Amino acid sequence: MAAGRTKSLFSLSTLLASFFGAAMIAAAFAYFNYKFSEYKFIDFNDWVFYQEKAIFIPTEPYYIVVFYSSKLPGTIEKLTQAKAKYPIIAIDYYQKAPPSTPNITFLRGGTDTSLKFIQRFNIYHSPTVFTIKKNKETLYKQDSMIRELDTLETLSSISSDL
């Protein structure tokens, strides 16, 4: 009798372990699905940004978005020296937009657009970096977590991970 009883306990413990394993996998999937759904959209038809004197119309499938402060010394130089995986959209908190380079598009927008941008992406620090991915014509979805950078020197190493 003891042998049969041991087998039933073994089966019950195996069943419980399988149940808890499946529950943990389901919880992890739900959590990461929830975290991904937190990612925000930006429609460049609704939010108008200016590139030099023209309205910016995105064309690339991916962009790295950098929100920075031009009041920090050497910021523009550090941005232009960064080597990134995707083209960079650089948005200055103070709305200064130097001439764009082949890999960096400097944008500026009105106060209303800037405030909406800051609120939408919950930006609390500068510089901040994240990627966006094209969803439709001018609709882009955030494709990475928003990362705060200590300095722009780390942009090249961070952007290869994005």
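Residues numbered from 1 in each chain as written. Predicted model: local features only at pLDDT ≥ 70, side-chain atom pairs only at ≥ 80, totals over all residues. Heavy atoms only, no water.

Peer 1: Mind showing me how you'd approach the overall build of the chain here?
Peer 2: Secondary structure summary: the chain contains four helices and nine strands in total. Relative to its 162 residues, the chain shows a buried fraction of 32%. Of the contacts formed within the chain by residues at least 6 apart in sequence, a portion of 63% connects residues at least 24 apart. Summing over all exposed atoms, the chain offers an accessible surface of approximately 10,300 Å²; the carbon and sulfur share of this is 60%. (Helix = DSSP H or I, 4+ residues; strand = E, 2+ residues; numbered from the N terminus. Buried < 20%, exposed > 50% of the residue type's maximum accessible area, 1.4 Å probe, protein only. Contact = heavy atoms within 4.5 Å. Areas by Shrake-Rupley, 256 points an atom, 1.4 Å probe, with all protein chains shown as cover.)

Peer 1: Looking at this structure, I do not really get helix H3 (residues 111–120). What am I missing?
Peer 2: Three or four residues apart is the spacing at which side chains of an α-helix point the same way, because the helix has 3.6 residues per turn. Buried within H3 are the following residues: Thr113, Ser114, Phe117 and Ile118. The arc that holds every buried residue of H3, seen down its axis, measures 130°, which confines them to one face. Exposed residues pointing more than 90 degrees away from the buried face of H3 are listed as Thr111 and Gln119. Those residues of H3 that are buried are in contact with strand S1 (41–43), strand S2 (49–51), strand S4 (62–68), strand S5 (88–92), strand S6 (104–109) and strand S7 (128–134). (Arc of directions from axis to C-beta.)

Peer 1: Before we go on, may I ask you to explain the side chain of Ser144 in this structure?
Peer 2: Turning to its location among the elements, Ser144 is positioned in the loop between strand S8 (139–142) and strand S9 (147–148). Taking relative accessible area as the criterion, Ser144 reaches 7% and is therefore assigned buried.

Peer 1: Would you mind showing me how to read the nonpolar core here?
Peer 2: A general trend in soluble globular proteins is that nonpolar side chains are found buried together. The biggest cluster of nonpolar side chains holds 18 residues, and the ones touching the most others in it are Ile42, Phe44, Phe49, Ile89, Ile91, Phe117 and Ile132. At the level of elements, S4, S5, H3 and S7 are the ones that each hand at least two residues to this core. Not counting residues up to four positions away in its chain, the partners in contact with Ile89 are Phe44, Phe56, Tyr63, Ile64, Val65, Val66, Thr105, Leu107 and Ile132. One finds Tyr68, Tyr86, Ala90 and Val129 within the second-largest nonpolar core, a separate group that totals 11 residues. (Core = buried A, V, L, I, M, F, W, Y, C linked by side-chain atoms within 4.5 Å.)

Peer 1: Explain the environment of Ile104 to me, please; I cannot follow it from the model alone.
Peer 2: Mapped onto the elements, Ile104 comes out in strand S6. According to the relative accessible area criterion, Ile104 is buried, its value standing at 1%. The spatial distance from the C-alpha of Ile104 to the C-alpha of Val66 is 9.9 Å, given a sequence separation of 38 residues.

Peer 1: Where do I start with the pattern of salt bridges in this structure?
Peer 2: In a structure, side chains of opposite charge can pair up when their charged atoms sit close to one another. In this structure the tally under the stated criterion is one salt bridge. Taking the shortest distance from any N to any O, the salt bridge between Lys116 and Asp112 comes out at 3.3 Å. Here Lys116 and its partner Asp112 are both found in helix H3, four residues apart, which amounts to about one turn of the helix. Take Asp112: its relative accessible area is 48%, and that puts it in the partly exposed class. (Salt bridge = Lys/Arg side-chain N within 4 Å of Asp/Glu carboxyl O.)

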